[in-house]
Structure formats: structure tokens, C-alpha cells
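A closer look at the structure
Okay, here's what each chain looks like letter by letter:
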Amino acid sequence: MRGGRSTVATRSSAKKRRPTRAVAKTANPSAAGTPAPVLVTIFDYVRFAAARLTRARVTVAHGTTDPVAEAAFLVGEAMHLHPDEVEPLAARRVPKAAGRRILGWIEQRIATRKPAAYLVNRMYMRGMAFYVDERVIVPRSFIGELLDSHFGGDDVLRLRDPATVTRVLDLCTGSGCLAILAARAFPNATVDAADLSADALTVAERNVQEHRLEDRIQLAQGDLFAAVSGKRYDLIISNPPYVDAQGMASLPHECLAEPRMAFDGGADGIDLVRRIIDGAKTHLASGGGLLCEVGRCKPAIEKAYPRADLLWLDTEESEGEVFWIDAATLADCAPARHPVGTA
Ligand SMILES: C[S@@+](CC[C@H](N)C(=O)[O-])C[C@H]1O[C@@H](n2cnc3c(N)ncnc32)[C@H](O)[C@@H]1O
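It should be emphasised that the depicted structure is a prediction, and the values quoted were computed from it without experimental measurement.

A closer look at unusual backbone geometry
Positioned with a positive phi, His80 is a non-glycine residue whose angle comes to about 60°. Mapping His80 onto the fold places it in the loop between helix H3 (67-78) and helix H4 (83-86). The exposure class assigned to His80 is exposed, which follows from the 8 C-beta atoms found within 10 Å. Here the phi dihedral of Leu224 falls at roughly 45°; this positive angle occurs in a residue that is not glycine. The residue Leu224 is located in the loop between strand E5 (217-221) and strand E6 (233-238) in this model.

Structure follows, in C-alpha cells:
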């Protein structure tokens, strides 16, 4: 691990926090209580919007991690700025029309509880913009960060030389965000992006076109590997549905606007993960590997595959929510045997 922003592969490392931006440090949510606040600059709007979101107790978990970041995202969208530009331009004046847009979005966000990304039809991941609407889950997978940290850069744990990866599968692609990030991370690769949902693939197609990657990303519809039968890959990435029955019964209001099939992982959350582990055996090339996000299902997976040698990867915002397994190790990965009558 090098520096505070690097990801690590451990089983028990301390959780790292994303550095807080200057805008966040100086924002004062309590100022929102002031009647008729004077809103002039980007800074003023971010401070006001963050205070409104905080007081309204919205759940912030869709690509931004706190009310200030979400407020900065919305202000940036109204000003046609990339999120990285918001803080350096905090002193810029907000034109009246943009100010009205910001205030409208904030009130809509609070009244409807829809994720901010759906209000503006955009979310950023690893600095790239993706079109989103209610046909796809809002992009927020940890795999985006891991593609940068463990397949490039200078992290101590480099899983593969990105130049040698030529065939990638993004299973359960949704908006296509991970397929597009994979095309960026692996410049010599073609990418298959598969999903069961025709609606999701329509959104993915739009993103592939907007990023001009039609010649490198192929979309496919089907139930997991049925969409790519007979094909083998150097790398399979997947952020499948993995919410268990208990989690499905208590999804935050914001998540109810997202497609249910993007979350539902069955009773213990790993119905699809089991099928991915088993199916990957016949879809990985020798020397290949599977990178799979499973949320909080690590205990369920360890119970289902007690002898599997999975490498659990951490990111800046997660611990043990993504595993890596290479093709050779996967070949020996058998599910637990249950005594008759206990399965
Ligand atoms: C958690 S979302 C991930 C979307 C995207 N990869 C991302 O990270 O934003 C899971 C996706 O799996 C898709 N899906 C659900 N069941 C599936 C199945 N049986 N076969 C293929 N895709 C499926 C859903 O339509 C949804 O787009």
C-alpha cells in the first residue's frame, strides 16, 4: 500500500476515509435556518443545499457519501461543471437560472426521496460521466476503484498486467459503467457487457455510444452466462444483485426508485453469486480471474464455500465487499456439502 488513497488486500485493515474537501469543511448546515438566505456563489448554494438535505435526513448513498458532496454534485450539474471543478470554482457567481434549477432539485430530492442522479440523469464514477435513469441502478460499485488500483497504478498488489488482458466480461452490467471503465483500464481489451434487463441494456447502449466505445464493447442480453455461452475471458467482473431477504424488506426509501432486480439476491443474498462462481469455471481462460462484488455477503459466501481461497479486497469506502479468485483456484472451489436433510 502506498499513501492514504491506495487500496489494500487484507482481511482486517482499518477503514480509510476519503479526504474531505475544503467546501465540506467550511460548510455550515445550521446557516440554513436563517430566513431568506443570500445565495450568490457556488459556495453559498452548496452550503444551503447541504443544510437542507441534512435537515431533511435524506439517505445519501448513491455515488456521493454525504450531504455536502451531494449538494456539490447538484450545484455542479446546474453549473455544467465536472465535480472536480466545483471546489476550485466555489467563489464563482451562480446565474439566476442555475440557482432556480438547484433549488428545484433540492426540493424535489427531499419531496420524492429519489437519488439525485435520477433528477439530473447523470452520475460520475472514477471521474467519468454516465447517463442514468430509473431503468438502471445508480453506479456506485467498488469495482471501479479496484480496476484502477489493482490492475494499474503502483499498488503493491497488481492482479494482472492490464496490457495482457484482451477479453473482459462485465456480467450484470446495468448502465454499462463498469464495462466502460474496464475498456479504459484495459486498452487492448474488447468487453462483453451482459444483463438480463432489456431496459438496462438500452441505457448501457447510450453510455457506450456517448463514450464512443461501440467498437470495443458488445452488449448481450440473457440470464448470467447464457448471454455469452461458449465464450472465455481473461477477466470477469460482476456487481450482481446481492441483497438478502432481510435487506430487501428494509431498503432505504431512495433505493425503492431503483430496479428491484438490481438488488434481489435471494434468501441469503448469494443466489446469483453462487451461479457466477460456478459458471465462471467454464468461462475463464487459463490465467484469468473473477472480480465479484458481494456487499455484506462475505459470511454467507464463506459458509457456502468454506474451502475457497478467496482474496478479499478493500477500497477507500469498503472492507471485504469484493473478492478476487483466479481461474486455477476457482477450479477447486466447491460448495459446502450438507448432510442429507440439512441443505
Ligand atoms: C447491482 S446492479 C449492477 C449494475 C452495474 N454493474 C453497476 O455496477 O452499476 C445488478 C444488475 O444485474 C442485473 N441482473 C439481475 N439479474 C440478472 C441475471 N439473472 N442475469 C443477468 N443480469 C441480471 C440487473 O438488471 C442489474 O442491472
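Concerning the packing of helix H2 (residues 42-55) against helix H5 (residues 96-112)
At their nearest, the axes of H2 and H5 sit 10 Å apart, and the two run at 10° to each other. Judged by the angle between their axes, H2 and H5 are roughly parallel. Of the two possible hands of crossing, H2 and H5 adopt the one that is right-handed. Between H2, through Tyr45, Ala49, Arg52 and Leu53, and H5, the contact on the second element is made entirely by Gly99, Ile102, Ile106, Arg109 and Ile110. Considered class by class, the residues forming the contact of H2 with H5 number six nonpolar, one polar and two charged.

Quick look at the nonpolar core
Residues Val46, Ala49, Leu74, Val75, Val168, Ala182 and Val273 are the most contacted members of the largest nonpolar core, which totals 100 residues. If you count residues domain by domain, this core takes at least three from each of domain 1 (22-120) and domain 2 (138-331). When neighbours within four sequence positions are excluded, Leu74 is seen to be in contact with Ala49, Ile102, Trp105, Ile106, Ala116 and Val120.

Here's the deal with the site of the ligand
Around the ligand, the structure places 22 residues, and the nearest of them are Ser141, Cys172, Gly174, Leu196 and Ser197. Grouping the amino acids of the shell around the ligand by side-chain chemistry returns 14 nonpolar, six polar and two charged.

Here we look at H3
Each full turn of the α-helix corresponds to 3.6 residues, which orients residues three or four apart in the same direction. The end-to-end C-alpha separation of H3 is 17 Å, in line with the 16 Å expected for 12 residues at 1.5 Å each. Among the residues making up H3, those that are buried are Pro67, Val68, Ala69, Glu70, Ala71, Ala72, Phe73, Leu74, Val75, Gly76, Glu77 and Ala78. Phi turns positive one or two residues past the end of H3, at His80, with a value near 60°.

A closer look at the environment of Ile42
Looking at the secondary structure, you find Ile42 in helix H2. A count of 27 C-beta atoms within 10 Å places Ile42 in the buried class. Setting aside anything within four residues of it in sequence, one finds Ile42 in contact with Val75, Met79, Val86, Leu89, Ala90, Arg92 and Val94.

Digging into the environment of Ala194
Following the sequence through the fold, Ala194 ends up in strand E4 (residues 190-195). The exposure class assigned to Ala194 is buried, which follows from the 24 C-beta atoms found within 10 Å. Once the C-alpha coordinates of Ala194 and Leu224 are considered, the two residues, 30 residues apart in sequence, prove to be 7.2 Å apart.

What to know about the pairing of strand E8 (residues 311-315)
Sheet analysis places E8 next to strand E9 (residues 318-326), joined by four bridges and oriented antiparallel. Each bridged residue has a counterpart across the sheet, and for Leu313 the counterpart in E9 is Val322. Connecting E8 to the next strand, E9, in antiparallel fashion are two residues.

Looking at H2
For H2, with 14 residues, the first-to-last C-alpha span of 20 Å sits near the 20 Å given by 1.5 Å per residue. Extensive coverage of H2 is indicated by the burial of 10 of its 14 residues. If you check which residues of H2 are buried, you get Ile42, Phe43, Tyr45, Val46, Arg47, Phe48, Ala49, Ala50, Ala51 and Leu53. Of the residues one or two after H2, Arg57 is the one with positive phi, at around 55°.

What counts as what
By convention here, each chain's residues receive numbers from 1 onward along its written sequence. Under the rules for a predicted model, residues below a pLDDT of 70 receive no local features and side-chain atom pairs below 80 are neither given nor counted, while totals for whole chains, interfaces and linings still include all residues. Each helix is a run of H or I in the DSSP string that is no shorter than four residues. Each strand is a run of E no shorter than two, and both are numbered from the N terminus. For the exposure call, what matters is how many other C-beta atoms sit within 10 Å of a residue's own: 20 or more marks it buried, 12 or fewer exposed, and in between partly exposed, using C-beta atoms placed from the backbone. Convention adopted: a line fitted to C-alpha atoms gives each axis, helices being fitted over their contacting stretch, and angles between N-to-C directions are expressed from 0 to 180 degrees. Each angle gets one of four labels, with under 35 degrees taken as roughly parallel, over 145 as roughly antiparallel, 65 to 115 as roughly perpendicular, and the rest as oblique. Definitions for this section: a left-handed crossing has its near helix turned counterclockwise from the far helix by less than a right angle. A right-handed crossing has that turn clockwise. What counts as a contact is two residues whose backbone-derived C-beta atoms lie within 7 Å of each other. Note on residue classes: Ala, Val, Leu, Ile, Met, Phe, Trp, Tyr, Cys and Pro are nonpolar, Asp, Glu, Lys and Arg are charged, and everything else, Gly too, is polar. As used throughout, a nonpolar core is a set of buried Ala, Val, Leu, Ile, Met, Phe, Trp, Tyr and Cys residues joined through C-beta atoms within 7 Å of each other. Each domain's extent was defined by an automatic or database domain assignment. For each residue, a C-beta atom is placed from the backbone, and the residue counts as near a molecule or strand when that atom lies within 6 Å of it. To estimate the expected span of a helix, count its residues, drop one, and scale the result by 1.5 Å. Between any two strands, pairing holds if DSSP finds at least two bridges.

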